[in-house]
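Next come the chains, spelled out residue by residue.
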Amino acid sequence: MTNPILASYVVPVHPHPLLVPEQNEGWQRLRDAFDEARDHIKECGADLIIIYSTTWPSIIGHQIQADPNPTWTLVDQDFHDLGSMDYSFRIDAEFAEAWNQANHARGLQSRTVAYNGFPIDVGSVVALKLLNPDNAIPAVIVSSNVYANRAETTVLAKSCLDVLQSTGKKAVAVTAMSMSNRMFTEFIEASDDKIHSLKDDEWNRKVLEFLEEGRLEDVAQLSRTIHQQIRVQKVVTFKPMWWLSAMNDNRNDLTGRVLAYEALHGAGGAVVHLDPTSNGMGDKEYDEDDVEVYHGERNVLDAESVDESQASDSVNEHGPALWEPAEGKDAVNTDSAPKPVGLYPHARRVGDLLYLSGVGPRQPGTNAIPGGAIRDGDGNPLEYDIKAQTRAVVENIARILEEAGSSMEKVVDVTSFLVDMDRDFAGYNEVWAETLGHYGPTRTTLAIRALPTPIAVEMKVIAKI
Amino acid sequence: MIGRTMAKGSIVAGCLAPHPPHLVYAENPPQNEPTSEGGWEQLRWGYERLRESLSKIDHDVLVILSPHWQTYVGTHFLGLPHFEGLSVDPIFPNLFRYSYDLNIDVELSKAIHDKAADAGLAVKMMENPDFRVDYGTITTGHMVNPAFDKPLVVISSNRSRHYYSVEVMQEMMMELGRVTRDAILESGKKAVVLASNSLSHRHFTTESDVPEDMSKEHITSHAMHLWDMRIIEYMRTGQAQRIIDEMPEFTEQAIAESDGGGLTWLLSTLTVPSYPAILHGYGTIIGTGNAIVEWPCYAHEEV
């Protein structure tokens with residue numbers, strides 16, 4: 001599938017370029033870079049701006065802002081003498097809720113927040129006020145979890161991509177972050193600002209050199225080293241590159257440009273633009289796991305629920321054995337779809353038609369079931385999310401179609417199977433309308449007693465090639 | 001009423017008064033929007049005992065150092081006479097959306113600020129009227145004096161531990177504590193000093209559907225419990241110096257909220273007391289260790 005990220009930006013979190021750019025030439029250059037980024041974002045056709053902010057720490061998993069119109073006046077805790085920041089933002093609350101659900105489907109702890117007066121963090125406020133001053137594009141903001149590791153942060157990005165792909169939205173991804181974050185611990189004149197140390201400056205320039213070469217995944221893999229070298233050991237570590245790289249499919253061949261790099265009270269502030277166009281250098285290798293589902297110790301509070309979550313992630317522990325897809329002259333198979341539970345291919349070409357085997361929501365590679373399994377290994381019923389399952393079915397269908405050279409637009413006929421029509425039809429029907437129904441295929445929906453794996457929905461598809 | 005006739009300024013009590021917003025949430029005060037079915041009673045009863053104790057000690061002002069006003073460039077002081085507004089906890093907004101209305105003893109704040117500056121510390125008065133008071137200050141302020149009918153001095157938490165080390169943090173906080181004490185003595189006022197921090201500070205990363213479900217509440221690990229008990233025992237037996245001595249190990253191994261400097265500052269304002277403190281309560285909140293402790297200075301110091 002085509003990655004829905006149209007552009008990515010790294011922007012600094014300090015309020016100086018917003019409030020007092022005129023006090024220092026470097027702050028003004030950062031402001032000019034923000035303005036250039038603003039103009040590009042406005043013209044790039046994005047439906048959404050997604051911000052991962054390091055100045056919004058969270059503890060209970062990740063938090064996603066879901067107030068449609070958060071309005072307040074922010075004063076920085078350190079730089080309160082620079083002035084106040086009034087804000088009124090336009091948030092895509094529907095997307096925020098969907099992202100939250102997608103997080104749960106991939107094993108993450110997360111929640112949305114929508115409260116009057118919620119204190120939106122300084123990094124997000126600066127970014128949105130400067131990059132999207134007239135709220136022309138709706139935004140989503142996600143926190144930086146203080147306990148999250150690389151796997152969790154990577155999966156956070158993938159669940160965001162899930163929602164972008166299921167909604168067909170295109171987005172700009174922004175990380176609000178410092179490079180080196182060591183500020184002067186004393187008050188300085190604006191004119192005296194500089195990077196805190198030569199060492200911090202040299203590291204910043206090396207990181208920016210990587211980004212200018214488009215080597216985002218290399219920077220992500222250096223995150224722990226960068227944190228040790230040029231970051232004050234605050235609770236929120238150098239995690240944003242994990243998220244941003246995963247949002248860009250962990251690539252190393254982006255087209256990068258550093259619009260500005262300056263000191264902000266000693267910290268390193270940079271505005272960097274990463275374009276998804278390949279720079280032609282080829283994708284350099286990377287060696288960390290490409291995590292699809294989070295399996296961390298998120299259930300420390302309630303040990304009983306650990307078993308449930310593990311059950312939903314491992315259908316082959318209590319379902320039928322998985323098979324390699326059947327090969328054949330006209331067979332179409334792909335590693336991007338879940339393995340069959342018998343000897344058959346993912347799809348078969350007949351003339352200019354494509355017949356898909358029944359497609360469920362299991363995830364390729366992990367067999368995790370977005371929305372959760374419908375029963376545990378002992379056959380006891382479990383709560384599950386039919387909408388997340390249906391969405392995952394559609395995504396698997398899209399992957400098989402793409403492998404065959406077809407697409408969602410070319411789907412002719414669909415037969416859907418639900419194990420609980422009364423409970424699930426409405427949710428299934430809602431996702432259908434947002435996805436396949438949009439393209440107008442014929443459809444038949446049947447209630448059946450069971451499916452081979454603990455899922456609630458499966459679809460049988462015929463498409464043109 | 002103890003201390004009523006004293007002419008010279010004094011610190012009449014020093015308290016460890018942690019700020020988890022869960023405690024306010026559990027009390028269902030009219031200022032807080034969310035409602036609960038209670039919870040964390042051991043700690044709330046501890047705060048009841050502290051309030052009862054402080055009600056018997058005449059005092060003019062509460063001086064709070066809060067780890068949730070985090071400043072990286074120096075130590076800051078609220079510098080306007082009145083603040084009001086809505087405080088929403090950015091981490092637990094489901095529990096804490098509190099309408100606050102509080103007064104500041106700007107004169108005493110400025111006096112501490114000036115003495116700290118003279119001592120070489122980087123300091124600043126916060127005079128922006130739009131500033132939102134941090135929820136740590138509000139929670140501690142509420143739990144100690146829910147009527148907010150006494151003025152506060154609010155001191156930010158300088159993050160020198162993160163920039164340098166626990167040792168540097170302690171040097172700075174010991175100095176800040178010393179000048180805080182000097183300013184209070186010179187002011188002629190009677191003050192209660194409050195460090196608004198917990199002890200061990202490893203959180204659970206999930207929250208039960210009913211946050212006040214006490215069947216889910218316990219310390220995150222045995223090691224955290226041992227550290228908390230060790231520090232509390234030093235407090236109860238008048239061995240504050242040992243807390244200072246072991247602060248680097250405690251802060252690192254218990255991921256303790258003493259990293260914000262509040263506990264060191266508190267003990268310094270009390271000249272590192274060798275008399276026993278009163279433990280009013282101990283309990284865990286989302287896995288972190290919290291103790292409500294009072295050093296009854298009036299009974300042990302010449303005031």
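This one's a predicted model, so the numbers in the text were calculated from it and none came from an experiment.

On to the overall build of chain B, then. Scanning chain B for helices and strands turns up nine helices and 10 strands. On C-alpha atoms alone, chain B measures out to a radius of gyration of 18 Å, which is about the 19 Å that the 2.2 N^0.38 rule sets for 303 residues. Per-residue burial over chain B gives 56% buried out of 303 residues. In chain B, 83% of the contacts between residues at least 6 apart in sequence involve partners at least 24 apart.

Counting residues at the interface gives 34 residues for chain A, matched by 29 residues for chain B. Of the residues belonging to the side of chain A that touches chain B, the class tally is 15 nonpolar, 12 polar and seven charged.

Burial of strand 15 (residues 442-447) of chain A is sparse: only zero of the six residues sit out of reach of the surface. Read from strand 14 (residues 411-418) of chain A through helix 12 (residues 421-434) of chain A to strand 15 of chain A, the crossover connection turns out right-handed.

This brings us to the packing of helix 6 (residues 198-212) of chain A against helix 8 (residues 223-230) of chain A. Residue and element names in this part refer to chain A. Contact geometry of helix 6 with helix 8 gives a least axis separation of 10 Å together with a crossing angle of 160°. Taken as axis vectors, helix 6 and helix 8 run roughly antiparallel relative to one another. For the crossing formed where helix 6 meets helix 8, the hand is left-handed. Across the interface between the two elements, Asp200, Trp203, Asn204 and Val207 of helix 6 pack against Ile226, Gln229 and Ile230 of helix 8. Among the residues making up the contact of helix 6 with helix 8, the classes are represented as four nonpolar, two polar and one charged.

Residue and element names in this part refer to chain A. Relative to the assigned elements, serine 416 resides in strand 14. Owing to 22 C-beta atoms within 10 Å, serine 416 belongs among the buried residues under this scheme. Through-space distance from the C-alpha of serine 416 to that of glutamate 458 is 5.8 Å; in sequence the pair is 42 residues apart. Apart from the residues lying within four places of it in its own chain, the contact partners of serine 416 are Arg443, Thr445, Leu446, Val457 and Met459.

Moving on: the packing of helix 6 (residues 166-187) of chain B against helix 8 (residues 240-253) of chain B. All names here are of chain B. Packing of helix 6 against helix 8 brings their axes to within 9 Å, and their N-to-C directions diverge by 135°. By the angle class used here, helix 6 and helix 8 are oblique. Like other packed secondary-structure pairs, helix 6 and helix 8 cross with a definite hand, here right-handed. In this structure, helix 6 uses Val166, Glu167 and Gln170 to contact helix 8, whose residues at the interface are Ile244, Met247, Pro248 and Thr251. Tallied by class, residues from the contact of helix 6 with helix 8 come to four nonpolar, two polar and one charged.

This part covers the domain arrangement of chain A. Residue and element names in this part refer to chain A. For chain A, the domain assignment lists domain 1 (5-275) and domain 2 (312-464). Between domain 1 and domain 2, the C-alpha centre-to-centre distance is 36 Å. At the level of secondary structure, the elements contributing two or more residues to the side of domain 1 that touches domain 2 comprise helix 3 (93-105) and helix 5 (150-167). Partitioning the side of domain 1 that touches domain 2 into residue classes produces one nonpolar, four polar and no charged.

Residue and element names in this part refer to chain B. Its identity is not glycine, yet tryptophan 40 carries a phi of approximately 55°, on the positive side. Topologically, tryptophan 40 is positioned in the loop between helix 1 (21-27) and helix 2 (41-55). Even without glycine at this site, threonine 271 takes up a positive phi of about 55°.

Criteria and thresholds
Residues numbered from 1 in each chain as written. Chains lettered and ligands numbered in written order. Predicted model: local features only at pLDDT ≥ 70, side-chain atom pairs only at ≥ 80, totals over all residues. Helix = DSSP H or I, 4+ residues; strand = E, 2+ residues; numbered from the N terminus. Rg over C-alpha atoms; globule rule 2.2 N^0.38 Å. Buried ≥ 20, exposed ≤ 12 C-beta atoms within 10 Å, placed from the backbone. Contact = placed C-beta atoms within 7 Å. Nonpolar A, V, L, I, M, F, W, Y, C, P; charged D, E, K, R; others polar. Right-handed = clockwise from strand over helix to strand, strands pointing away. Axes fitted to C-alpha atoms, helices over the stretch in contact; angles between N-to-C directions. Parallel < 35°, antiparallel > 145°, perpendicular 65-115°, else oblique. Left-handed = near helix turned anticlockwise from the far one by under 90°. Domains from an automatic or database assignment.

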